[in-house]
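Observations on chain architecture
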Amino acid sequence: MNEGLADFLRGIAATNEWWYIMPEILLAVLALGLLVLELLSPAIRKHVPRVAMGGLGLILALLLMVDCSDCMGANGQSAFGGLLQSNEWSHLMRVFFVFSALMVSYLGGIFLAGRNLAQSEFYHLVILVAAAMMLLVQSNHFVMLFVALEMATVAFYVLVAYRRTSSLSLEAGIKYLILGALSSSILLFGIVLLYGAGGNPALPGASGDSLNFDALESFIALNPDNPVVLTGAMLVLAGICFKIGAVPFQIWVPDVYQGAPNPVTAYLAIASKAAGFMVLLSLLHGPFLALQDFLLPVLVFIAAASILFGNIAAVMQRNLKRLLGLSGIAHAGYLLIGVAASFTIEWVDNAVVFYLITYLLASFVVFLVLSLSGEGDDADLNIERYANFSREQPFLSGALTCGLGSLAGIPPMGGFVAKLLLFVAAFQAGLYGLLGVAVLGVVISVYYYFGWIRALYFNGSSVTALGEASNAPTLQNRFVLCALVVAIVVLGIFPAVVSLV
Amino acid sequence: MTIGLNAFLIVAGLLFAIGMLGVTLRRNTLVIFMSLELMLNAVNLALVTFSRYNGTMDGNLFVFFIITVAAAEVALGLAIIVALFKRRETIMVEQLNALNR
């Protein structure tokens, strides 16, 4: 045993695989550095947000210049004894997560200003979550998957309950913690069943390393009908569905989205969902590939139920953060269409990633406007408070309209192309029933997104509840909003700029 | 007499089911936390069993990661419960319903 371990460590040292996770290491150094800065002196402490955002910007720039997946040679190379494996998405998702951490830090700066809350720890946790998710999407081993997932989730428990003076935030935190830990246990039980079956010497293809995705893939290909394997796969799927907030594991979404601070809600909606979908894709194209006949109907059902539930529940909703949460369930449903279609159609993975990118841009526009217009407790922003918002805040209203239009899927916004690609994929894969449900869902979603836009512009009464209370956005905020909106429109008109589709 | 694999797995499955029922049925947040721990320990028991009967060490190693993560989760959970009790003077789930108003 010791010999094996020594060989393993020697192998890692010889190949210098640490270069492979250099972006994650840099993020961890940055996160710990922020805590050290906090300790030094109060004069330095107030620069912590700038250091955090500057550091994230620097890492983002480095990532855009250097593709770290190349350090290991070709794609599909595994590192650290098979714990991590680069795939065609690992580089893009690294950029995705660092960019969302940067945007969340920016929102966090707005959120924390004037509030008596700890400053550095917020940026510290946001950066650690980004590093954990970058590891999560590249994990090729169930231990790595679990540790990266929990690293992100435990940090999220703290972030959701971050406003510890507000009982709403704490309540959201405890709800997220109980349901998150429950889903982790379910996921773990699934992993254990797969481990037990995959290592059973009595079964064909049993492997000594049955937590590894590659070993499991070849094992499951030989035993696709084993009841233990099927139960394990279903439990793992249930655990992941919880993280992406798909029906029937969506119960936490509205409460947690409402109670969590604005930047954290944005982070949960975007990065957490994206990580869940990338893990789902790598599981379905890896270990669970042989189970597709069994899993396809399940995925189709979950997708249809999520689209219907999310959209119908959002129609009645007046609280904006709950509305964004419920529509997020519907977006998870649309993305699951892509996942279900990806068994037969090859290019759908690209469409899923493209959808995630447009969702990221549009959601950040919406959450930035929410942060700039909300005063006091951001958990009780109702549609009514946006009545005639455009009279006082024409710029914010315009940006919000673009963001909501993209979420609803109106041309020429990026969201339209993203939805179109997924629907074409569903058509090519022959999932006609699901396609019908999805189109119905989009029609319903236009109703509630435009209900919000209508409140901004056309409202008979002359009240301007929130518009007068909000200050005009600073030049910096205008610039960020403009950049995001331009990116959404450019993606809508020239989707090929991401070189995915 | 040796005890078979199935006996251990049945115990693990029962513990998991009891934990799951506890999480869904009990009203006290502290009891819910205990039930969550029970679920994680059921997983640990199953892992160690499979590790022993399959003759691989991965399961035993995995258990340490799970114990560590469970400790982190409970530390956080108790901190949130204390903070919440200071604000609301209750830890019963049916009274934690301020959201969705």
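Shown above is the structure to which this text applies.
A brief report on the enclosed structure follows. Everything numeric here is computed off the predicted structure, so don't read it as measured data.

Time to look at the overall build of chain A. The secondary structure content of chain A amounts to 21 helices and 2 strands. Its C-alpha radius of gyration of 23 Å places chain A within 12% of the 23 Å reference for a compact globule of 501 residues. Referenced to the eigenvectors of the C-alpha coordinate spread, the extents of chain A come out at roughly 75 × 60 × 45 Å. Taking all 501 residues of chain A together, the buried fraction comes to 62%. Sequence separation of 24 or more characterises 78% of the internal contacts of chain A that already satisfy a separation of 6 or more.

Let us look at the overall build of chain B. Scanning chain B from terminus to terminus reveals 3 helices and 0 strands. Start at the N end of chain B and walk to the C end: the helices and strands fall as α-α-α. For chain B, the C-alpha radius of gyration of 17 Å lies well beyond 13 Å, the compact-globule estimate for 101 residues. Seen through its C-alpha atoms, chain B measures out along the principal axes to roughly 55 × 25 × 25 Å. Here chain B holds 101 residues, and the buried ones make up 40% of them. The long-range fraction of contacts in chain B, counting pairs at least 24 apart against all pairs at least 6 apart in sequence, stands at 53%. As displayed, chain B has an accessible area near 5600 Å², and 69% of this comes from carbon and sulfur atoms. Positive and negative charge centroids in chain B, built from 7 and 5 side chains respectively, lie 8 Å apart.

Residues and elements named next belong to chain A. A cluster of nonpolar side chains, Val486, Val490, Ile493, Phe494 and Val497, forms an exposed patch at the surface whose accessible area comes to about 460 Å². Structurally, valine 490 is set in helix H21 (residues 475-493). The exposure class of valine 490 is partly exposed, given its relative accessible area of 33%.

Mapped onto the fold, isoleucine 186 of chain A is located in helix H8 (residues 167-198). In the structure, isoleucine 186 of chain A is positioned 56 residues away from phenylalanine 242 of chain A in sequence and 9.9 Å away in space, judged by C-alpha atoms. With sequence-adjacent residues up to four places away left out, isoleucine 186 of chain A is seen in contact with Leu235 and Ala238 of chain A together with Phe16 and Met20 of chain B.

Below, the discussion takes up the interface of chain B and chain A. At the junction of the two partners, chain B supplies 38 residues and chain A supplies 45 residues. Between chain B and chain A, roughly 3700 Å² of surface is buried when both sides are summed, and carbon and sulfur atoms account for 78% of that area. Inspection of the region where chain B meets chain A yields 1 salt bridge. Here glutamate 171 of chain A ties to arginine 88 of chain B by a salt bridge, and the two come within 3.1 Å at their closest N and O atoms. For the pair chain B and chain A, the number of links is 8 residue pairs in polar contact (both at pLDDT 80 or more). If you list the elements that add at least two residues to the side of chain B that touches chain A, you get helix H1 (5-25), helix H2 (29-54) and helix H3 (58-88) of chain B. Among the elements that make up the side of chain B that touches chain A, the one with the highest residue count is H3 of chain B (15 residues).

Turning to the nonpolar core, a few remarks are in order. Residue and element names in this part refer to chain A. If you look at the biggest cluster of nonpolar residues, it comprises 226 residues, and the most contacted ones within it are Phe97, Phe288, Tyr334, Leu336 and Trp452. Considering every element that reaches this core, the biggest residue donor is helix H15 (residues 348-373), with 20 residues. Leave out the neighbours within four places in its chain, and leucine 336 touches Ile244, Ala246, Phe277, Leu280, Leu299, Ile302 and Ala303.

Scanning the entire structure with this criterion turns up 6 salt bridges over all chains. Linking aspartate 255 of chain A and arginine 322 of chain A is a salt bridge whose minimum nitrogen-to-oxygen distance equals 2.9 Å. Separated by 67 residues along the polypeptide, aspartate 255 of chain A in helix H11 (residues 253-259) and arginine 322 of chain A in helix H14 (residues 320-341) bring together distant segments of the chain. What makes arginine 322 of chain A buried here is its relative accessible area of 7%. Look at the salt bridges and you will find they share partners, linking Glu171, Lys175, Asp255 and Arg322 of chain A together with Arg88 of chain B into a network.

Basis of the calculations
Residues numbered from 1 in each chain as written. Chains lettered and ligands numbered in written order. Predicted model: local features only at pLDDT ≥ 70, side-chain atom pairs only at ≥ 80, totals over all residues. Heavy atoms only, no water. Helix = DSSP H or I, 4+ residues; strand = E, 2+ residues; numbered from the N terminus. Rg over C-alpha atoms; globule rule 2.2 N^0.38 Å. Buried < 20%, exposed > 50% of the residue type's maximum accessible area, 1.4 Å probe, protein only. Contact = heavy atoms within 4.5 Å. Areas by Shrake-Rupley, 256 points an atom, 1.4 Å probe, with all protein chains shown as cover. Lys, Arg positive; Asp, Glu negative; His and termini not counted. Charge placed at Lys NZ, Arg CZ, Asp CG, Glu CD. Patch = residues over 30% accessible without salt bridge, like charges linked within 9 Å, V, L, I, M, F, W, Y side chains within 5 Å. Salt bridge = Lys/Arg side-chain N within 4 Å of Asp/Glu carboxyl O. Buried area = accessible area lost by both parts, 1.4 Å probe. Polar contact = N/O pair within 3.5 Å; in protein donor to acceptor, adjacent residues only side chain to side chain. Core = buried A, V, L, I, M, F, W, Y, C linked by side-chain atoms within 4.5 Å.

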